[in-house]
Amino acid sequence: MKYYKSKKKILLHVGLHKTGSTSIQDGMKKNFDAVSNKCILYPMIPIKGEKYSNHSFMLYSMFCDTPEKYHMNQKFNCGTKEKSEKLNNYYSEILTSEINKKNNDLIVLSGEDVSSLTKENIESMKTFFIDNADFDIEFEIVIYVRHLCDYIQSVIQQRVKDGGWEELLLTELQSNKIGQVKNQIDKFVRVFGLENIRIYKFEDAISHSHGIVGHFFNQALDLIDLGSFDLSEAHSNRSISYESYLIHSIINKKEPLYNQGSLNERRSPHDLYPLIFMKGAPFSLGQKFHDECYLKLFEDFKWLKDNFNIDYSPHSVREVGVLWSEETLISLSEAISKVPHYIKKEIINLVRDQAIKYEKDDVKKSYSLMKWAIKHRPDGVFLEKKIKEYESIIFP
């Protein structure tokens, strides 16, 4: 029987998505010993022989309704009920052992997927900590938010990189499946209390002299002197050019990466990876998209202002620049040499179709695109026919 319990704080950082969570997790991992010396515990979770700093994998799997459908469990080959249950039992043992380690006053957990749990899931997570800790718990929830219109654009880009396509994601946006920050945050307020929620603007955090990692150490961990920490950031989520985004989206729509939850046998998870480094116009969905998002999410913006005094206004965004420049096509030639044959075939078809699209407005661009296509498909009869057609217009 326990007659006395010490008191500790569990600080739970839950994202949100696209607000630098990976940088924060990498920063905690790199500074594991340094923060330990400050009596701060940041558990590293061993999975399949590797130690992970993203606690999403553990916490979301443990407390979501269908862990066998969680994409990370599928990645770890635990995509069945039996395997995911076994994995969750392992996570439960690891987490219980970690939080009850001695010589710390603060336990920090970070996982952006936790923000996708339901209120009931979050209540179960809170109960788990209370029931399994050898100490009384003070909870603190740390959340970073960014301008919702910028967030949605970033999410759409990332989801396309991960296998989605534009039309599908815009449909999800219209059906309120993307961008509703009130729903993501309010469930934590109801479970842990408004007084235990700390929300920061992502835009302010990245302007910190040491970036978002420095901001997290300063503001969330209350560490004043940052001189002993390595606060350099690794940029893991690279922004892609608009042309790369276009290719990803069109190919993913035509040949989805996943089919009913299973990997499409005609695709591989990283078959478009070389295109991430393709040069081109900076990615943007434009001012009209931004303005429509703001109107659609006005109630969420108002809720942030009313409850946390976080104020976001509409702002100007850049439009998509000139597409399919010579530099872009040279870069695409480099990328296409590194993709599987079936992807190369689809990219050539896509560039051909882009050439046809520009015929009425910019026949010189059509000519440039079609020349690129025939360079990579020298026996293309239709391509040769179109090139002669364009030449008769450009060089009468």
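In this report, the structure presented in the accompanying data block is examined.

**Let's talk about the pairing of strand S1 (residues 6-13)**
Right, so step 1: Bridge count between S1 and strand S6 (residues 135-145): eight bridges; the pairing is parallel. Bridge pairing in S6 links Ser6 to Phe135.

**A look at the pairing of strand S5 (residues 106-110)**
Right, so step 1: Counting buried residues in S5 gives five out of five residues, a clear majority hidden from the surface.
Right, so step 2: The alternating pattern of S5 places Leu106, Val108 and Ser110 and Ile107 and Leu109 on opposite faces, both of which are buried.
Right, so step 3: Pairing geometry for S1 and S5, over five bridges, is parallel. Considered in S5, the bridge of Ile10 is made with Ile107.
Right, so step 4: As defined by bridge partners, strand S2 (residues 40-41) adjoins S5 across two bridges and the pair is classed as parallel. Looking at S5, one finds that Leu41 is bridged to Ile107.

**Examining unusual backbone geometry**
Outside of glycine, negative phi angles account for most residues, and trans bonds account for most peptide bonds.
Right, so step 1: Here the bond from Gly15 into Leu16 is cis, since omega is 10°, no more than 30 degrees from zero.
Right, so step 2: With respect to the secondary-structure elements, Leu16 resides in the loop between S1 and helix H1 (21-30).
Right, so step 3: At Cys39, a position not held by glycine, the phi torsion is positive, near 65°.
Right, so step 4: Relative to the helices and strands, Cys39 resides in the loop between helix H2 (32-36) and S2.
Right, so step 5: What makes Cys39 partly exposed here is its relative accessible area of 31%.

**Regarding the packing of aromatic side chains**
Right, so step 1: Here the structure, examined in full by the defined rule, presents 20 aromatic pairs.
Right, so step 2: Considering the side-chain rings of Tyr273 and Phe277, the 5.3 Å spacing of their centres and the 80° angle between planes classify their relative orientation as edge-to-face.
Right, so step 3: Under the relative-accessibility criterion, Tyr273 is labelled partly exposed at 45%.
Right, so step 4: Note on Phe277: relative accessible area 41%, which makes it partly exposed.
Right, so step 5: The rings of Phe63, Phe128, Phe129, Phe139 and Phe192 are connected pair by pair, giving a single aromatic cluster.
Right, so step 6: One Lys or Arg, Lys201, reaches over the ring of Tyr312 and ends 4.6 Å from the middle of that ring.

**Details of the sheet that holds strand S7 (residues 197-201)**
Right, so step 1: Strands sit in the order S2-S5-S1-S6-S7 across an open sheet of five strands; the sheet is parallel. Each end of this open sheet is capped by a strand with a single partner; those strands are S2 and S7.

**So, helix H16 (residues 341-357)**
Right, so step 1: An ideal rise of 1.5 Å per residue puts 24 Å on 17 residues; H16 measures up with 24 Å between its terminal C-alpha atoms.
Right, so step 2: Along H16, the residues classified as buried are Ile343, Glu346, Ile347, Ile348, Asn349, Leu350, Val351, Gln354 and Ala355.
Right, so step 3: On the buried face of H16, the contacting elements are helix H12 (242-254), helix H15 (326-336), helix H17 (363-376) and helix H18 (381-394).

Criteria and cut-off values
Residues numbered from 1 in each chain as written. Predicted model: local features only at pLDDT ≥ 70, side-chain atom pairs only at ≥ 80, totals over all residues. Heavy atoms only, no water. Pairing = 2+ DSSP bridges. Helix = DSSP H or I, 4+ residues; strand = E, 2+ residues; numbered from the N terminus. Buried < 20%, exposed > 50% of the residue type's maximum accessible area, 1.4 Å probe, protein only. Phe/Tyr/Trp six-rings, centres within 6.5 Å; stacked < 30°, edge-to-face > 60°. Lys NZ or Arg CZ within 6 Å of the ring centre and 35° of its normal. Expected span 1.5 Å × (residues − 1). Contact = heavy atoms within 4.5 Å.

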